[in-house]
Amino acid sequence: MARITHLQLQRRRTDRVNVFLADEFAFSLVLDLAVRLKVDQDLTEAQIAALRSEDAYRVALDRALRWVALRPRSRAELEEHLAGKDVAPDVVARVAERLVELSYLDDRAFARWWVDNRTAHRPRGRHVLRHELSVRGVAPDIIAEVTADIDEPDAAVVLALSQAARYATDDRAVFTRRLGGYLSRRGFEYGAVREAINAAWTALAERRGQSGGQSGGQSGGQSGGQSGGQSGGSDVGSGEGDGWDRGHEDTDEDTDGG
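Remember, predicted model here, so these are calculated numbers, not experimental data. (Residues numbered from 1 in each chain as written. Predicted model: local features only at pLDDT ≥ 70, side-chain atom pairs only at ≥ 80, totals over all residues. Heavy atoms only, no water.)

1. Section: the overall build of the protein
Phase 1: Counting secondary structure elements, the protein contains 11 helices and four strands.
Phase 2: Accessible area of the protein: about 14,800 Å², with a carbon and sulfur share of 48%. (Helix = DSSP H or I, 4+ residues; strand = E, 2+ residues; numbered from the N terminus. Areas by Shrake-Rupley, 256 points an atom, 1.4 Å probe, with all protein chains shown as cover.)

In structure tokens, the structure reads:
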């Protein structure tokens, strides 16, 4: 049994109270727990342990709420984050359960958000998306569900068109190798990469044709149109090999942030 001899509001953190037992500092509590205490009150060891456990939970819950407010998180992400802050395993589990009850943690909703966000801002192939969700602790059945309807060819074309200008001065072979490597490293499958490269090359050829038609003469336009049509109409992969090294690391810096 220990008696409370003093309760002191902290100066810097006015939401916490220092608890003194037998005239010595013992521990601190969040304010709404401390208001239940009074000077000369006797506390058993079990009561002290319960107060400190509840305080640890309140602190961890507040930290978790602020963290998940930044962006959606998976349950595994939250548990890893709290464990990294030296929060006890039982407190981590309790906080995670509470956030699930409050709908702040929902792995299915998180996985859908992740896929939608990637598709809108940093397109990735199905394989990479599944890996990204897996390392964030999302269950395999949820991953399969949220990635089932991904239009990978369309996403690859969107990404290829957004990056094509980087390789606009390259000839067809170099363009194919560099853009193909870029798309492959983002998890797009061979067929989607091939279609995306063709679409991007055709778009560049059309821009060149329009530019050439404005600045060149009629003869030059006809010659350029014949040459551009032959080059732009050829499919990637129609010759020997696929035209790009799927394991090749392009020397260009990745501009989409990884």
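Now that the structure is up, let's keep going.
2. Structural notes on the sheet that holds strand 2 (residues 16-21)
Strand pairing within a sheet occurs via backbone hydrogen bonds; the two strands may be parallel or antiparallel.
Phase 1: The sheet built from four strands is open, its strands ordered 3-2-1-4 with antiparallel pairing. In the strand order of this sheet, the two ends are held by strand 3 (24-30) and strand 4 (42-43), each with one partner.
Phase 2: Here strand 2 pairs with strand 3 via six bridges, running antiparallel. Looking at the pairing, leucine 21 lines up with glutamate 24 of strand 3.
Phase 3: Where helix 2 (residues 45-68) meets the sheet, it contacts strand 1 (2-9), strand 2, strand 3 and strand 4, and its direction lies at approximately 45° from that of strand 3. (Pairing = 2+ DSSP bridges. Contact = heavy atoms within 4.5 Å. Axes fitted to C-alpha atoms, helices over the stretch in contact; angles between N-to-C directions.)

3. Regarding the packing of aromatic side chains
Phase 1: Tallied over the full model, the rule gives six aromatic pairs.
Phase 2: Aromatic side chains tryptophan 113 and tryptophan 114 sit 6.1 Å apart centroid to centroid with 65° between the ring planes, which places their arrangement in the edge-to-face category.
Phase 3: Classification of tryptophan 113 as partly exposed rests on a relative accessible area of 27%.
Phase 4: Taking the relative accessible area as the measure of exposure, tryptophan 114 reaches 9% and is therefore buried.
Phase 5: Put simply, the rings of Phe110, Trp113 and Trp114 pair up and form one aromatic cluster.
Phase 6: Over the ring of tryptophan 67 we find arginine 73; its NZ or CZ atom is 3.8 Å from the centre of that ring.
Phase 7: A cation over an aromatic ring shows up here: arginine 186 above the ring of tyrosine 182, its NZ or CZ 3.7 Å from the ring centre. (Phe/Tyr/Trp six-rings, centres within 6.5 Å; stacked < 30°, edge-to-face > 60°. Buried < 20%, exposed > 50% of the residue type's maximum accessible area, 1.4 Å probe, protein only. Lys NZ or Arg CZ within 6 Å of the ring centre and 35° of its normal.)

4. Structural notes on the confidence of the model for the protein
Phase 1: Residues at a pLDDT of 70 or more form 81% of the protein, whose mean pLDDT is 85.
Phase 2: Below pLDDT 50 for its whole length, residues 217-241 participates in 20 contacts with residues either more than four positions away or in separate chains.
Phase 3: The low-confidence segment residues 246-258, where pLDDT is below 50, has 24 contacts with residues more than four positions distant or belonging to other chains. (pLDDT = per-residue confidence, 0-100.)

5. Notes on the environment of arginine 185
Phase 1: Relative to the helices and strands, arginine 185 resides in the loop between helix 9 (172-184) and helix 10 (190-215).
Phase 2: Taking relative accessible area as the criterion, arginine 185 reaches 26% and is therefore assigned partly exposed.
Phase 3: For the pair formed by arginine 185 and glycine 125, sequence separation is 60 residues and the distance between their alpha carbons is 9.1 Å.

6. Description of the pattern of salt bridges
Phase 1: Under the definition given, this model contains 16 salt bridges.
Phase 2: Note that aspartate 32 is salt-bridged to arginine 58, the shortest N-O span being 2.4 Å. Of the two residues, aspartate 32 sits in helix 1 (residues 31-34) while arginine 58 sits in helix 2, which places them 26 residues apart along the sequence.
Phase 3: Given the relative accessible area of 41%, aspartate 32 is considered partly exposed. (Salt bridge = Lys/Arg side-chain N within 4 Å of Asp/Glu carboxyl O.)

7. Remarks on helix 6 (residues 126-135)
Phase 1: Within helix 6, burial applies to Arg126, Val128, Leu129, Glu132 and Leu133. Along the long axis of helix 6, the arc covered by the buried residues comes to 165°, so they all point the same way. Pointing more than 90 degrees away from the buried face of helix 6 are the exposed residues His127 and Val135.
Phase 2: Where helix 6 is buried, its residues touch helix 5 (107-121), helix 7 (140-147) and helix 8 (152-163).
Phase 3: Two residues or fewer after helix 6 comes glycine 137, characterised by a positive phi angle close to 80°. (Arc of directions from axis to C-beta.)

8. Re the environment of glutamate 77
Phase 1: Structurally, the position occupied by glutamate 77 is in helix 3 (residues 75-84).
Phase 2: Judged by relative accessible area, which is 13%, glutamate 77 ranks as buried.
Phase 3: Along the sequence, glutamate 77 and valine 138 sit 61 residues apart, while their C-alpha atoms lie 9.5 Å from each other.
Phase 4: Once you skip the residues sitting within four places of it in the chain, glutamate 77 turns out to touch Trp67, Arg71, Pro72, Phe110 and Arg136.

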